[in-house]
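Architecture and fold: a report
Here's the letter readout for the chains.
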Number of protein chains: 2
Amino acid sequence: MDDQLGVFSNRLQQHGYRLTTARRVILEALLASGGHITADGLVEVVRQQSPGIGRMTVYRTLEILSELGLIRPVYQGTGAAHYILMENGHHHHLVCSGCDRVIEFDECVLEEMGRLISGRFDFQIQGHVVEFFGLCADCRRVSA
Amino acid sequence: MDDQLGVFSNRLQQHGYRLTTARRVILEALLASGGHITADGLVEVVRQQSPGIGRMTVYRTLEILSELGLIRPVYQGTGAAHYILMENGHHHHLVCSGCDRVIEFDECVLEEMGRLISGRFDFQIQGHVVEFFGLCADCRRVSA
DNA sequence: ATCTCAATTGATATAAAGTATCAATTGAGG
DNA sequence: CCTCAATTGATACTTTATATCAATTGAGAT
Ligand SMILES: [Mn+2]
Ligand SMILES: [Mn+2]
Ligand SMILES: [Zn+2]
Ligand SMILES: [Zn+2]
């Protein structure tokens, strides 16, 4: 199940969305980028392949994918939202308060907690993002 | 240690920032609001108390507080960043993909995971945000 | 209490990011 | 093929964020 393009495409269709040419191009560019990209950044990438694609279409596609829980917008210091891929429903970051560097990790102990919370609030969990904030080694030196 | 205003003020001074009149007003308004407010939303609130406060000052204060790990910007559906209070270093959300409703909860099992990750990446953790995404009870009915 | 100067402020201008609209196009089913 | 609702992309606009800089202010030194 590593075919993310297939996963994304299927989910779109399952929810009644058409798999149009524009959307295919956008999905490919998004997945090729690996995520951590802004909407307008993605517009640029997409247009290298298909110059005709409209900015609105990219924005709208990102919104749909977010609703489906396949991606999520997060802040990365700058003003624009950065979209991250929610492969298998989760994503984990260490974010440095000093330099905004982002370190990725895979460990996750949230399944149990998810079940507990899910039951209590009658909420169907599709995925999660955990972000630890703090200072990386470099930034601790500087401000020491 | 429930005096958040004291906590915030002290932290500012400990890091060499002046505790100015403008900053005091902004801190009070932010804490009174309970968080979950946008920068421009906070500007409005602040100006009810002190009409002279500049918009840039509010933006800059929010940036400082973010660097210190006292607040964090998160997405809430709309285009503007919403700032949440990081009391005791953490904050937890259930975010509905259907209606963007936000449910708060307190449980946390991340201390152990934090220690593990902190050691491996030589990263000093100040706090974290966990967001579970999914569908609330109401939204499951609608799309059923 | 007054002085001093770097830190801070806020007005102004500008850029970036997001949203609304609508006529033209397209794709999936009949 | 046809049909028609879904989708697209150009355009215009609003909101949100950032850059600049002269004027002001706060906190320590005298
Ligand atoms: Mn990531
Ligand atoms: Mn909250
Ligand atoms: Zn850092
Ligand atoms: Zn909902």
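Provided above is the structure to which this section pertains.
What counts and how
Residues numbered from 1 in each chain as written. Chains lettered and ligands numbered in written order. Predicted model: local features only at pLDDT ≥ 70, side-chain atom pairs only at ≥ 80, totals over all residues. Heavy atoms only, no water. 1 Å grid on protein atoms, 1.4 Å probe; cavity = no way out; pocket = protein on both sides within 12 Å on 5 of 7 lines; lining within 4 Å. Points joined across faces, edges and corners; volume = space filled by probe spheres on them. Helix = DSSP H or I, 4+ residues; strand = E, 2+ residues; numbered from the N terminus. Nonpolar A, V, L, I, M, F, W, Y, C, P; charged D, E, K, R; others polar. Buried < 20%, exposed > 50% of the residue type's maximum accessible area, 1.4 Å probe, protein only. Donors = N, O, S within 2.8 Å, 3.2 Å for Na, K, Ca; no water. Tetrahedral: all angles 85-135°; square planar, octahedral: opposite > 155°, others 65-115°. Near = heavy atom within 4 Å. Polar contact = N/O pair within 3.5 Å; in protein donor to acceptor, adjacent residues only side chain to side chain. Pairing = 2+ DSSP bridges. Contact = heavy atoms within 4.5 Å. Buried area = accessible area lost by both parts, 1.4 Å probe. Salt bridge = Lys/Arg side-chain N within 4 Å of Asp/Glu carboxyl O.

Some thoughts on empty space enclosed by the protein
- Counted according to the given criterion, the structure contains 1 cavity of 30 Å³ or more.
- Reported here for the largest cavity is a volume of approximately 190 Å³.
- Forming the boundary of the largest cavity are 14 residues, of which V74 and E131 of chain A together with P73, V74 and E131 of chain B lie nearest the centre.
- Of all the secondary-structure elements, those providing two or more residues to the lining of the largest cavity are β2 (71-76) and β6 (124-135) of chain A together with β2 (71-76) and β6 (124-135) of chain B.
- Per-element accounting of the lining of the largest cavity gives the leading share, 4 residues, to β2 of chain B.
- The residue makeup of the lining of the largest cavity, split by class, is 11 nonpolar, no polar and 3 charged.

Topic: unusual backbone geometry
Residue and element names in this part refer to chain A.
- A positive phi is found at H36, a non-glycine position, where the angle reads about 55 degrees.
- Within the element layout of this structure, H36 appears in the loop between α2 (21-33) and β1 (37-38).
- H36 gets classed as partly exposed once you look at its relative accessible area, which sits at 26%.

Looking at the coordination of the zinc ion (ligand 3)
Residue and element names in this part refer to chain A.
- Taken together, the protein ligands of the zinc ion (ligand 3) are C96 (SG), C99 (SG), C136 (SG) and C139 (SG), with distances of 2.2 to 2.4 Å.
- Here the zinc ion (ligand 3) is ringed by 4 donor atoms whose angles at the metal span 104 to 116 degrees, and the overall shape comes out tetrahedral.
- All donors of the zinc ion (ligand 3) come from a single chain, and their spacing in sequence reads C-x2-C-x36-C-x2-C. Highlighted residues: C96 in strand β4 (residues 90-96) and C139 in helix α6 (residues 137-142), separated in sequence by 43 residues. Like C139, C96 is buried.

Details of the protein's contact with DNA strand D
- Looking at DNA strand D, there are 22 residues lining it, with R18, T20, T57 and R60 of chain A together with R55 of chain B nearest.
- Among the atoms of DNA strand D lying within 4 Å of the protein, the sugar-phosphate backbone contributes 57%.
- Here a phosphate oxygen of DNA strand D sits 2.4 Å away from a polar atom, N or O, in the side chain of T20 of chain A.
- In this structure, a phosphate oxygen belonging to DNA strand D sits 3.4 Å away from a main-chain N or O atom of L19 of chain B.
- Elements represented by at least two residues in the surface near DNA strand D include exactly α2 and α4 (55-67) of chain A together with α4 (55-67) and β3 (78-85) of chain B.

Comments concerning the protein's contact with DNA strand C
- Looking at DNA strand C, there are 23 residues lining it, with R55 of chain A together with R18, T20, T57 and R60 of chain B nearest.
- When the atoms of DNA strand C within 4 Å of the protein are grouped by moiety, sugar and phosphate amount to 57% of the total.
- One of the backbone N or O atoms of R18 of chain B is found 3.0 Å from a phosphate oxygen in DNA strand C.
- Among the elements of the structure, α4 and β3 (78-85) of chain A together with α2 (21-33) and α4 of chain B are those that each provide at least two residues to the surface near DNA strand C.
- Here the surface near DNA strand C gets 4 residues from one element, more than from any other, and that element is α4 of chain A.
- Looking at the surface near DNA strand C, its residues break down into 10 nonpolar, 7 polar and 6 charged.

Focus: the coordination of the zinc ion (ligand 4)
Residues and elements named next belong to chain B.
- Around the zinc ion (ligand 4), the donor atoms from the protein are C96 (SG), C99 (SG), C136 (SG) and C139 (SG), and they sit 2.2 to 2.4 Å away.
- One can describe the donor arrangement at the zinc ion (ligand 4) as tetrahedral, given that its 4 donor atoms subtend angles of 103 to 116 degrees at the metal.
- For the zinc ion (ligand 4), all donor residues lie on one chain, and their spacing in sequence is C-x2-C-x36-C-x2-C.
- For C96, a relative accessible area of 1% puts it in the buried group.

A word on the sheet that holds β3 of chain A
Residue and element names in this part refer to chain A.
- Pairing is antiparallel across the open sheet formed by 3 strands, whose spatial order is β1-β3-β2. Looking at the sheet topology across the chains shown, the edges are occupied by β1 and β2.
- Relative to β3, β1 runs antiparallel, the two being bridged by 2 bridges. Across the sheet, residue T38 finds its bridge partner in β3, namely H82.

Comments concerning the interface of chain B and chain A
- Of the residues lining the interface, 43 residues belong to chain B; the matching set on chain A comes to 43 residues.
- Of the roughly 4000 Å² buried where chain B meets chain A, counting both sides, 67% is carbon and sulfur surface.
- A per-residue breakdown of the area chain B buries against chain A is headed by Y75, F123 and F133 of chain B, which together make up 19% of the total.
- Inspection of the region where chain B meets chain A yields 4 salt bridges.
- R140 of chain A is the partner of D122 of chain B in a salt bridge, and the nearest nitrogen-oxygen pair spans 2.7 Å.

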